Every structure is written in structure tokens, then in C-alpha cells.
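# Structure at a glance
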Amino acid sequence: MNMTRQKTATLMPDFHAGGYPFESGLFGVNMEITRKGFFHGLCAQMLNNRKLLMGQDGVDGWDCDGFERVTDRPRESLCESNFVILKDGGRMVQTADRITLQRGREYEAKAWVKALTDAAEVTFGVEGMEQTFTVTADVTTGAYKELSFTFMGEDTEKHTFAVTARGKVAVFEVSLLPTDHFYGMRRDVIESLRALAPTSLRFPGGCAADHFDWKESLKAPEFRKPNDGSSKGFLFRDSYNQDCLDIGLNEFMMLCRELNAEPEYTVSLILSDGEDARRLVEYCNGDENTEYGAKRQALGFDAFDIRLWYVGNEAYFFGGEYQSAVAASKRTDELITAMKQADPTISVAIGLTWGNDFQTWAFDFMTNLTSPYEYVSYHDYIGILPDASQGHNGMATCEILEENFADGECFGLNFYRNKLFADNFADIHICVDEWNYSWGYDSSNALFFSNALQFHFLAKSKETYHIDRAEFFMPVNEGMISVTPMNCKIESSGELFRLMAGHKGGRVVACHADCEGLDILCTDHDGNLFVSVVNRRDTPCRLKIPGYTFVDCTEIRTGEYSFESNVFTVEKPEETVVSGHSVLFVALSPIA
């Protein structure tokens, strides 16, 4: 730290301004089913395209010899997908970083097959640890066989999984999981999520809701038809535009219960009509005396009691026929009416937009909407990306970020407040259900810095913009938790989320500094203060608060402030000095 350039700032809380309760609902996360967040993150499944989606010439993700592609007989498969017929000596192989094993850890390999000759042999598993099974054709029912075995792993990286046939065999699906998974999810990722202590989880997210069939997800995983995301190539990246639906509605609810987090669910305008939405709410919230509540109980689950439901997601972008605002509002009315018939006590968030190109859409939507709602959805990505073609390299973009939210104003929320809801904004509650620096980006010091300023803005906007809730998008592999085949790590934005929790239970009070460049969030806890300070500049700054003594300090300190660097430390400094482009969290007590 360059102490010669250090500044000193006096922080001045303003208790006469009144303040308001800090909203713990700001600690939600949006768990959208993206393959970056799920298959390469939360999911414990190690095999890509395990349900054998076909490419132009072969089976995506698999090298195959002596095989036949079957793409026109989905009813013969387990999950209405494609399948492979391996002929005598035929072999299918997948080699991937994801297939990484640990010594002393137990794994289970599975294959769902059917013999097409009187007798056949199937050998499958991780190379060097395979097992061979004899299967016979069931001429009476033509039934498939589920083959499985467990084995102890060895320390191996980027391994190979193979299936070989002697005879003629139809291969429908395969699977490779550690046996200690939690409903198909990685326990180490769950523990990292637990450390973040999210208050709510949104599922199946935003755009993924348009491909998620909740009834399909209630089946055993091997029978679930894969989600087809080919219309949104950005969604199921690295998995050939499909999601094998290994984490369904019930698994999501078990994750919420494991994390003691409130569940939130997005109903698709495209896939759900009123009756489907009514059944969905009844399945989640109905008791055992209702038709779909009884189905849930029969599967072994008590009522999920989901309180907040989102109706639609960015229909103006991806809604098909519901890109028409009038059609979207009519379908929204239909869904809300049916959902509240199943459970009148639920809250609903409607999907809107604020972008310049869609403001007419928002006005038309609200003009035609007749159903009551409790929340208005708002999405906010900073979107200022390093782009030399637009005159913004990484350094220039970082300089722009230094001024983010400095005036406490937001263009999109001003549209809601001053135009769309100008006559009734006092009654509007905003849920910022997607926020982050930008969609799909890995952790970096610049992203962390932007997220710190944005979280401060959300917390300080209760009176101005009526923000009651927020959901960070997306915690796994997009800023908060980075996952590799062997490990997962809480990143700087995750540490930010975790440490900001010190504000819970307090009242937000205005706090100013006599030093330019500090962004301050201060909460009063019955006379004690918790303060988080974001340093917008690269110059360190010493903090003083007259009348208070410092009890505890923690700093998230960045290294190089850039999009290229992800080096940071979490430290307990002996002095109340916030480093450049870093965040200091301070607990204070009044001097007796």
C-alpha cells in the first residue's frame, strides 16, 4: 500500500434523516438453468450429452465407431430423445476435463441399454475401471436394462468414459456420478452456496423458463426429455444447446430446504396456459387433498409453499407470439387468475422492460393488464464491456465504472418511476430479479468493483425506487463461485455478498464523507453501526467516525484493478484504511 498517497476521510452518519429498514431480500440469487451454472457448476453429473443428442454426422460429444444413429424413433428411447445402436465391436467414447476422479471417492456408472440380439455383452465405465455385463433380448416386452456398478476412484484428470458392445445393443443413456451427490448436485458447491447464505433462490431462472417443463421434471431423471435450447444458443452453452434436466423442480426444492432459502419460481408465458399454471401452483402449495398436492405427497415431498412467482421473463425479447404486448398481457392475466385460484395467498411479479426500444411495449402491456400483482420485475446489467471497436478498452471501461451509481440515479428505474407508473409509483414494489455486471462473465476485479457499487445502490434505493428484493444473476460460474472439476472457490463477489450480510437487521441511514471517491452504506443496529465503504479510486483512504470506536474490520482488497485480474485477498487490517478499488467492512460501537 502506498502510504504516501493515503488520504483521510471523516464519515458522518445523519441520524436526523430517519432511515429505513435494510431489506434482507436483497440477498436473493437467480439460479437459472444455464449449462455454465449447472452442468459445469452445480450438477454432479460428469458426462456431457448423456442422453445422446445427435449432431449432423454423429453423437455430439462422443467419438463413435461401429454404430448407427437413431433420430426418428423417440418413442423407443427412455426420454423421447435419440439413441445409438452399437454393432458387434462398436464403441462410443467421451474424453473430457469433467471426467476427473479422486482417490478414495466412490462413483457410480450407469448405462440404460437393450439387447437387439439374443445375447450381447456391454462393457462400460471409466477407462481402466470398466465392468462387463451380459444382457439378453426380452422378446416379450422389449424392455431396456438398467446396468450399474460402483467403484473407487483413482486420482485422474481428463479421463475417458467408454461403452463397447459385443453383439448388437441399443444404448439409450449413460451416467457417471459420485455416490455422495445431493439429489444430483455437488456437495462442495452447495457448501459454497451455504456460505453465501442467500435468502432466496429463483428457478428455473429467466430465459430457461421458456424451455422448462415442470411436469417432465417430476419423472425419474432417466425418463426426463432433455430441454431443447437451440433457439437460444447462448443458454445451454458447452452442451450442444440441450439440458438433460437432471435438476428438476423437486431437486430445486430440496436445495432450497438444504440452504434454508426461500424458493421463487418463474412460470413461462410460452409453455404454460392457465390450467397448467394452476396445476403447478397446486403441486407446489396444495395439500394432500388436492389432485396435484396428492401427486407431490406420493413422491415423498411435503408442500413447498412457494410464495413469490414470476410470470414471464423478457417476453419482449424471446416471447414468440408474446412479443406482442397485448398478447403478453392477456396471457399474464390468464396465468395470474389461474395461479391465485390455486393459492390466493401467493405474490406475483410481472415481467416488464425499460429499454428505449421497448418502452412502448411496456406501456401497451400495462394498459391491457387487468390482474392484480405484487411486484414489478426489473433486470439491470451494467453492460459496459471492454470493446476496442467502441473506443473502450479494459482501462477505459474501468474508468467508466468508477462513476457508476455516483449520483444515486438509474435510467431504467426512472422510467418506471417517472413515466410508466407516474400516477401510482407509491404503490409499486420493485424486484431486481436479475443483476450483475454482465451476463455470462467470469469473476474479475472489475466485475467485483461494479457489483459492490451496485449492491450499495440497491440497498440505498428503498425510498427512491421501492426496491424490496433482488436476485444476483448467477452465483455459480458467473461471479460468486468458480467451479472446476475438482474444486470450487468463493470469488470476490461471493465474499462481498457474504460480508454485506452484516447490514441485515439494521436501519439504513445516510452517511457522507469529507473525501471524494468513497461510496458508503451505513446501517444502525440499536446504536451500533455497520459500515461498508467502496473506494472508487486507487488511492488508499483512512477512515474516522467521531463518537465511535472500531470493533472489527474486514477488507476485500483487489490486486490489479482490471478485467484481466482476478487476484484479491480477504484481510483483517489493523487500521481502518480502505485500499484502492477495494471494499472495507467496519463494525463500530459508540464511545461511552
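Not measured: the values here are computed from a predicted model.

Rules used in this analysis
Residues numbered from 1 in each chain as written. Predicted model: local features only at pLDDT ≥ 70, side-chain atom pairs only at ≥ 80, totals over all residues. Heavy atoms only, no water. Helix = DSSP H or I, 4+ residues; strand = E, 2+ residues; numbered from the N terminus. Rg over C-alpha atoms; globule rule 2.2 N^0.38 Å. Contact = heavy atoms within 4.5 Å. Lys, Arg positive; Asp, Glu negative; His and termini not counted. Charge placed at Lys NZ, Arg CZ, Asp CG, Glu CD. Pairing = 2+ DSSP bridges. Axes fitted to C-alpha atoms, helices over the stretch in contact; angles between N-to-C directions. Salt bridge = Lys/Arg side-chain N within 4 Å of Asp/Glu carboxyl O. Buried < 20%, exposed > 50% of the residue type's maximum accessible area, 1.4 Å probe, protein only. Phe/Tyr/Trp six-rings, centres within 6.5 Å; stacked < 30°, edge-to-face > 60°. Lys NZ or Arg CZ within 6 Å of the ring centre and 35° of its normal. Parallel < 35°, antiparallel > 145°, perpendicular 65-115°, else oblique. Left-handed = near helix turned anticlockwise from the far one by under 90°. Polar contact = N/O pair within 3.5 Å; in protein donor to acceptor, adjacent residues only side chain to side chain. Arc of directions from axis to C-beta. Disulfide = S-S within 2.5 Å. Core = buried A, V, L, I, M, F, W, Y, C linked by side-chain atoms within 4.5 Å.

## Topic: the overall build of the protein chain
From N to C terminus, the protein chain includes 13 helices and 30 strands. For a compact globule of 592 residues, the expected C-alpha radius of gyration is about 25 Å, and the protein chain comes in at 26 Å, within 12% of that figure. Taken along its principal axes, the extent of the C-alpha atoms in the protein chain is 85 × 55 × 50 Å. The long-range fraction of contacts in the protein chain, counting pairs at least 24 apart against all pairs at least 6 apart in sequence, stands at 76%. Of the side-chain charges in the protein chain, 54 are positive and 88 negative, and the distance between the mean point of each set is 2 Å.

## Considerations on the sheet that holds strand 15 (residues 262-267)
Strands sit in the order 3-12-15-16-17-18-19-20 around a closed barrel of eight strands; the barrel is parallel. Across this sheet, the average inter-strand angle for adjacent strands is 30°, counted without regard to direction. Sheet topology note: the strand 3 (residues 28-30)/strand 20 (residues 467-473) ladder contains three bridges and is parallel. The partner of Asn30 across the bridge, within strand 20, is Phe473. Lying over the sheet, helix 3 (residues 249-259) contacts strand 12 (200-203) and strand 15, oriented at roughly 170° with respect to strand 12. The sheet contacts of helix 10 (residues 411-420) involve strand 18 (375-381), strand 19 (430-436) and strand 20, and relative to strand 18 the element is tilted by about 155°.

## Details of the pattern of salt bridges
In this structure the tally under the stated criterion is 43 salt bridges. For Lys462, the salt bridge goes to Glu23, with nearest N and O atoms at 2.8 Å. One end of the pair, Lys462, is in helix 12 (residues 462-465); the other, Glu23, is in the loop between strand 2 (20-21) and strand 3, and 439 residues separate them in sequence. Residues Arg105 and Asp180 are paired through a salt bridge, measuring 3.0 Å at the closest nitrogen-oxygen approach. Within this pair, whereas Arg105 is found in the loop between strand 5 (83-96) and strand 6 (106-115), its partner Asp180 is found in the loop between strand 11 (169-178) and helix 2 (187-196), the two being separated by 75 residues in sequence. Judged by its relative accessible area of 28%, Arg105 falls in the partly exposed class.

## Looking at the packing of aromatic side chains
The full count for this structure, using the stated rule, is 45 aromatic pairs. Members of the aromatic cluster, each reached through a chain of ring pairs, are Phe234, Tyr316, Phe317, Phe318, Phe358, Trp361, Phe365, Tyr381, Trp439 and Phe473. Over the aromatic face of Phe27 sits the side chain of Lys504, whose NZ or CZ is 4.7 Å from the ring centroid.

## Some remarks on helix 13 (residues 492-500)
Counting buried positions over the nine residues of helix 13 gives eight, a clear majority of the element. Among all positions of helix 13, only Ser492, Ser493, Gly494, Glu495, Leu496, Phe497, Leu499 and Met500 are buried.

## Here's the deal with the packing of helix 2 against helix 3
Close contact between helix 2 and helix 3 brings their axes to 10 Å; oriented N to C, the two are set at 50°. Put simply, helix 2 runs oblique to helix 3. As helix 2 packs across helix 3, the resulting crossing turns out to be right-handed. Residues Ile190, Leu193 and Arg194 of helix 2 touch helix 3, and the partners they reach there are Leu255, Glu258 and Leu259.

## As for the pairing of strand 6
Within strand 6, seven of the ten residues are buried, which leaves the element mostly enclosed by the surrounding structure. The pairing of strand 6 with strand 11 spans nine bridges and is classified as antiparallel. Paired with Lys114 across the bridge in strand 11 is Ala170.

## As for the environment of Asn528
You can see Asn528 is positioned in strand 25 (residues 528-535). With relative accessibility at 34%, the residue Asn528 sits in the partly exposed group. The sequence separation of Asn528 and Ser589 amounts to 61 residues, and the corresponding C-alpha distance is 4.7 Å. Beyond its immediate sequence surroundings of up to four residues, Asn528 is in contact with Thr523, Leu588, Ser589 and Pro590. Within the structure, Asn528 has its side chain in polar contact with the side chain of Ser589 (distance 3.2 Å).

## Describing helix 8 (residues 359-368)
Residues of helix 8 that are buried include every one of Gln359, Trp361, Ala362, Phe365 and Met366, and no others. Buried residues of helix 8, seen end-on, are gathered within an arc of 155° and therefore sit on one face of the element. Within helix 8, the exposed residues directed more than 90 degrees away from the buried face are Thr360 and Thr367. Lining the buried residues of helix 8 we find helix 6 (315-318), helix 7 (325-342), strand 17 (347-350) and helix 10.

## Focus: the pairing of strand 24 (residues 518-525)
Extensive coverage of strand 24 is indicated by the burial of seven of its eight residues. Pairing analysis gives three bridges linking strand 23 (residues 507-513) to strand 24, with the strands arranged antiparallel. Across the sheet, residue Arg507 finds its bridge partner in strand 24, namely Asp524. The loop that links strand 23 with its antiparallel partner strand 24 comprises four residues; one of these, Gly517, has a positive phi angle of about 105°. Counted along the chain from strand 24 to the antiparallel partner strand 25, the turn is two residues long, and its residue Asp526 has a positive phi close to 55°.

## Considering the state of the cysteines
All told, the structure shown has zero disulfides when counted by the stated rule. Just so you know, Cys43 is unpaired, no disulfide at all, and the nearest cysteine sulfur is the one on Cys244, 9.1 Å from it. Distance from the sulfur of Cys515, which forms no disulfide, to the nearest cysteine sulfur (Cys541) is 3.9 Å.

## With respect to unusual backbone geometry
In this structure, Pro204 follows Phe203 across a cis peptide bond, with omega equal to -5°. You can see Pro204 is positioned in the loop between strand 12 and strand 13 (227-228). Phe473 connects to Met474 through a cis peptide bond whose omega is 0°. Topologically, Met474 is positioned in the loop between strand 20 and strand 21 (481-483). Here the phi dihedral of Leu52 falls at roughly 65°; this positive angle occurs in a residue that is not glycine. Residue position: Leu52 is located in the loop between helix 1 (38-42) and strand 4 (63-70). For Leu52, a relative accessible area of 0% puts it in the buried group.

## What to know about the environment of Lys419
The residue Lys419 is located in helix 10 in this model. Sequence separation between Lys419 and Gln359 is 60 residues; the distance between their C-alpha atoms is 9.6 Å.

## So, the nonpolar core
Ranked by size, the top nonpolar core spans 119 residues in total, and within it Leu42, Leu249, Tyr265, Trp309, Leu352, Tyr416 and Ile430 carry the most contacts. Counting residues per element, this core draws most heavily on helix 11 (residues 445-459), at ten residues. Not counting the four nearest positions on each side in its chain, Leu42 is found in contact with Met31, Gly37, Gly184, Met185, Arg186, Val189, Ile190, Leu193, Ile247, Leu255 and Val476. Judged by nonpolar contacts, the second largest core, of 35 residues, contains Tyr107, Ala109, Ala111 and Val122.

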